[in-house]
Amino acid sequence: MIYTNSTSSFPDQVVSEEVKSSFEYGLQVGRAIEGEWFAAGRTNNRFSTYFNDFHTRRLYARGEQSIKKYKDEMSIDGDLSYLNLDWKPVPIIPKFVDILVNGISQRGYEINAYAQDPESINKRTRYAQGLLRDINAETFLSKVQQATGMNLFSMKDREKAPQDTSELEVHMQLDYKQSIEVAEEELINNVLAKNKYDLTETRINHDLTVLGIAAVKTSWNKSEGIVVDYVDPARLIYSYTEDPNFEDLWYAGEIKFISLADLKKQFPNLTDSELEEIEKYPGNSDYTPGWNGRYDENAIQVLYFEYKTYQDQVFKIKQTPSGLEKALEKPDTFMPPPNDGFERVSRSIEVLYSGAKIVGHNKMLGWSLSENMTRPTSNLVKVNMSYNICAPRMYRGRIESTVSRITGFADMIQLTHLKLQQVLSRVVPDGVYLDVDGLAEVDLGNGTNYNPREALNMYFQTGSIVGRSLTQDGDPNMGKVPIQELNSSSGQAKIQSLIQTYQYYLQMIRDVTGLNEARDGSMPDKQSLVGLQKLAAANSNVATRHILQAGMYLTLKTCENITLRAADSLMYPLTKQALESSISKFNVGTLDELINLNTHDFGIFLQLEPDEEQKAMLEQNIQIALKSGQIYLEDAIDIREVKNIQLANAVLKQRRKRKQAQDQQAQQANIQAQANANAEAAERSALAETQKQQVISEQNINYEQAKNQFSIDKMMQEAEVEKEKMKIKFGYDMQLKQMDLQEIASREKFIEDRKDKRTKIVGTQQSQMIDQRQNDLLPTNFEQDGDNPMEGLV
């Protein structure tokens, strides 16, 4: 076996890959690790030291520490026969551990995946530039939209769009998410939920508080996919480091107890003869501290470990007839012959070898190059170990915890408690002194004797005492007060001193841990102001923040390993189907880019939820803003959903600023509206007056027109009447005229008729006269009645 140096038992790393992958090389590594931690089975080795120390701390954290030290302290030369005490430890430390662990476990967080590959960064940059263009050209784009109806803004919803660069910065941090980032976050949350990481995280916080160190392992297999396991720090092994985050380890592992059946299941290549040989060394109590029959005799103690070394990647560069170069991967032992036109190119990368060895036995169960090693995308020559370890208060290999700081004070509290029991057991009640001679001088006068029993009965029942100041001989009676109360030593001073000592060491625990009265659940001082109590609670959170940060660091490293192993899960149908059943197919399809292109690189951030004090301050600011009308209720709801307290305050400022701008615009709009309303009112008033005057004018005109029309109508009516009158008059005149004419005509006719008649009469008379002359007739009397022809002519 070739060793790296004279002080190390590890094999030489400057060997070929073929040598490193051999079982012999793995056995040398396993024996070297065993030598560093178990030292050939000696009980004071490194593993047993850590194991016993962690075991003691866990007992103190449970209030079950050994009482042997207390008995040794209280005994006299080992004799405890005169002590009858309750030796059960006072559970002081468990209270502080529970307060600290439960308080840390209540702090929620949100996992944020940030795509930091060039393509994602370019996409994010283009999106931000588009929003910045919208901010700078908002007036122009708004006019274009009003003129043409075309929305040229990058973000169509202008109510949600950032209005300035500060809002753009918050928007990019709070609202902008690429599909690949959303898919990655969903994958991480799914893997953590599947592995019940919330329970693992509680155990991690408990280990950090009690032991000062915690570990978690991330692995991958074809049947289960990504697996996250809790690792017991008491069974953890690792190379020497002074880094609290254990980032410079070159080997790490753990000791597990497994049954022979599980051993055969994990390593099916083991033969029956090998299993029979292994069965002879079950558990190997020489290497297990505190064995004492606590473990199953059939359990096999197996060392699982990872060993980091390097590997040379060798490529043969061949030039094709077309002038191109072709690279062919070759073993690290490849050396091209001289003058053959080939070239050898190589690089060294870190690799992990996984091994399994039975503790205390030269039997390697497995040794091979690790599959699915996780490498940071930014540095592919580096490799991440499956074990993530953190010990925030480690110095030169010595690990300090909150429990280790206070075990001494807890011991003093226990001793004080025992001493207090001892003092209480020796306290006696107060008694009375009875002077018998003084009683003998007293005569009750009723024939009875004043004996001690009668005197005590009277004293205890009535509190009265009968005595004589003089004796029967007349001398002064020295026992004139026959009963006197005795104040025995009750131990009050000792009890108060022990109680003060108890409180002193309890206060020392508070001072050392930082868990003051404002946080440990005890009754706060009624004289203390609320602000001071909150300040004390905040200071307590600061004192224990390193534990919270260590737990968040382990969670962050676990999420990073899950991210790097995501492509492995998508390469195999079984694990890919499991992902498809748990997250949406769209996101699985997005994650397929990791397989095909392998271009996405994620930065994982844990957004810690604000504590109660920060929430209270934020809520107070929100309530002030709400009451003063500086934000809307919807804004308050959005702000409460922001996990980052700084972003929440930034959003509050921006919403408040936007609300002020909106209020100012609304006020200006109201002023403009009022001015417009006033102008419209004045215009309406003027218009109304004009309309009124117009109506009056129209009414006047209509009146005049109606008046004129009435006059015209009257005139027309008068004319019509006159016309009718004239017509009637004309008719009457015509009738009169006609009557006159008729009268004239009748008169003329009468005249003519009379004339004709006279003419006829004359002619008749002439004829008669002629006839008379001719015939010489007698004269005719023309005036005879009826025969007078002239009758009626007058």
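Structure: see above.
Bear in mind the structure is a predicted one, so any value in this text is a computation, not a measurement.

Chemist: For this particular structure, what's the right way to read the overall build of the protein?
Modeler: Secondary structure assignment for the protein yields 24 helices and 15 strands. Among the 794 residues that make up the protein, the fraction classed as buried is 37%. Across the protein, every contact between residues at least 6 apart in sequence was considered, and the portion connecting residues at least 24 apart equals 70%. A total of about 47,400 Å² of accessible surface is found on the protein, and carbon and sulfur atoms cover 51% of it.

Chemist: Mind showing me how you'd approach the environment of Asn84 here?
Modeler: Following the sequence through the fold, Asn84 ends up in the loop between helix 4 (68–74) and helix 5 (93–105). Here the alpha-carbon distance between Asn84 and Gln422, two residues 338 residues apart in the chain, equals 8.2 Å.

Chemist: I tried to follow the packing of helix 3 (residues 46–62) against helix 13 (residues 402–425) on my own but got confused; where do I start?
Modeler: Two measures define how a pair of helices packs: the angle their axes make with one another and the distance between the axes. Viewed as axis vectors pointing N to C, helix 3 and helix 13 meet at an angle of 60°, and their least axial separation amounts to 10 Å. Between helix 3 and helix 13, the crossing angle belongs to the class labelled oblique. The hand of the helix 3/helix 13 crossing is left-handed. Across the interface between the two elements, Arg57, Tyr60 and Ala61 of helix 3 pack against Val403, Ser404, Thr407 and Asp411 of helix 13. Residues belonging to the contact of helix 3 with helix 13 are distributed by class as follows: three nonpolar, two polar and two charged.

Chemist: Explain unusual backbone geometry here, please?
Modeler: Peptide bonds are mostly trans, and most non-glycine residues show a negative phi. For Lys196, which is not glycine, the phi torsion reads 50° and is therefore positive. Here Lys196 shows up in the loop between helix 9 (179–194) and helix 10 (197–210). With phi around 55°, Arg396 is a residue other than glycine that occupies positive phi space. Looking at where Arg396 falls in the secondary structure, it is placed in the loop between strand 11 (394–395) and strand 12 (398–399).

Chemist: Where do I start with helix 23 (residues 633–640) in this structure?
Modeler: Count 3.6 residues to each turn of an α-helix, and residues three or four apart come out pointing the same way. Turning to helix 23, its buried residues number three or more, namely Asp635, Ala636 and Ile639. In a view along the axis of helix 23, the buried residues occupy a sector of 100°, so they form one face of it. Helix 23 presents Leu633 and Glu634 as exposed residues on the side facing more than 90 degrees away from its buried surface.

Chemist: Sorry if this is basic, but what is going on with the pairing of strand 3 (residues 225–231) here?
Modeler: A regular strand carries its side chains on alternate faces of the sheet. Taken across its seven residues, strand 3 has six buried, putting it largely inside the fold. Linking strand 2 (residues 214–221) back to strand 3 in an antiparallel pair, the connection comprises three residues.

Chemist: What's the story with the packing of aromatic side chains in this structure? I'm lost.
Modeler: When we look at a pair of aromatic rings, we describe it by the centre distance and by the angle of the planes. For the structure on display, the rule yields 17 aromatic pairs. Taking 6.0 Å as the distance between ring centres and 70° as the angle between the ring planes, the aromatic pair formed by Trp250 and Tyr307 counts as edge-to-face. Remark: Tyr307 occurs in strand 6 (residues 300–319) and Trp250 occurs in the loop between strand 4 (236–238) and strand 5 (251–258); sequence separation between them is 57 residues. In this structure Tyr307 comes out as buried when scored by relative accessible area, which is 0%. These aromatic residues form a ring-pair network of at least three members: Phe10, Tyr25, Trp250, Tyr251, Phe305, Tyr307, Tyr353 and Trp367. Here the guanidinium or amino end of Lys71 rests over the ring plane of Trp87, the centre of that ring lying 5.7 Å away. The lysine or arginine in question, Lys659, covers the ring of Tyr632, its NZ or CZ lying 4.8 Å from the ring centre.

Chemist: Mind showing me how you'd approach the environment of Tyr114 here?
Modeler: Of note, Tyr114 is situated in strand 1 (residues 109–115). Taking the relative accessible area as the measure of exposure, Tyr114 reaches 35% and is therefore partly exposed. Here the alpha-carbon distance between Tyr114 and Lys177, two residues 63 residues apart in the chain, equals 8.5 Å.

Chemist: Is there a simple way to explain the sheet that holds strand 2 in this structure?
Modeler: In spatial order, the strands read 3-2-10; together these three strands make up an open sheet with antiparallel pairing. Unpaired on one side and paired on the other, strand 3 and strand 10 (387–390) mark the two borders of the sheet. Within the sheet, the average angular offset between the axes of one strand and its neighbour, ignoring direction, is 15°. Summarising the sheet, strand 2 and strand 3 pair through seven bridges and their orientation is antiparallel. Directly across from Thr218, in strand 3, lies its bridge partner Val228.

Chemist: In this structure, what is going on with the packing of helix 3 against helix 5? I would like to understand it.
Modeler: Where helix 3 meets helix 5, the closest approach of the two axes is 6 Å, and the angle between their N-to-C directions is 90°. Between helix 3 and helix 5, the crossing angle belongs to the class labelled roughly perpendicular. Along the contact surface, helix 3 presents Tyr60, Ala61 and Arg62, while helix 5 presents Ile93, Pro94 and Val97. Along the lines of polarity and charge, the residues of the contact of helix 3 with helix 5 split into five nonpolar, no polar and one charged.

Chemist: Please clarify how the environment of Leu187 should be interpreted in this entry.
Modeler: Relative to the helices and strands, Leu187 resides in helix 9. Separated by 375 residues in the primary sequence, Leu187 and Ile562 have C-alpha atoms spaced 8.5 Å apart.

Chemist: Looking at this structure, I do not really get the side chain of Asp411. What am I missing?
Modeler: Mapped onto the elements, Asp411 comes out in helix 13. Under the relative-accessibility criterion, Asp411 is labelled buried at 13%. A polar contact of 2.6 Å, which involves the side chain of Asp411, links it to the side chain of Tyr70. Beyond its immediate chain neighbours, meaning those up to four positions away, Asp411 contacts Tyr60, Lys69 and Tyr70.

Basis of the calculations
Residues numbered from 1 in each chain as written. Predicted model: local features only at pLDDT ≥ 70, side-chain atom pairs only at ≥ 80, totals over all residues. Heavy atoms only, no water. Helix = DSSP H or I, 4+ residues; strand = E, 2+ residues; numbered from the N terminus. Buried < 20%, exposed > 50% of the residue type's maximum accessible area, 1.4 Å probe, protein only. Contact = heavy atoms within 4.5 Å. Areas by Shrake-Rupley, 256 points an atom, 1.4 Å probe, with all protein chains shown as cover. Axes fitted to C-alpha atoms, helices over the stretch in contact; angles between N-to-C directions. Parallel < 35°, antiparallel > 145°, perpendicular 65-115°, else oblique. Left-handed = near helix turned anticlockwise from the far one by under 90°. Nonpolar A, V, L, I, M, F, W, Y, C, P; charged D, E, K, R; others polar. Arc of directions from axis to C-beta. Pairing = 2+ DSSP bridges. Phe/Tyr/Trp six-rings, centres within 6.5 Å; stacked < 30°, edge-to-face > 60°. Lys NZ or Arg CZ within 6 Å of the ring centre and 35° of its normal. Polar contact = N/O pair within 3.5 Å; in protein donor to acceptor, adjacent residues only side chain to side chain.

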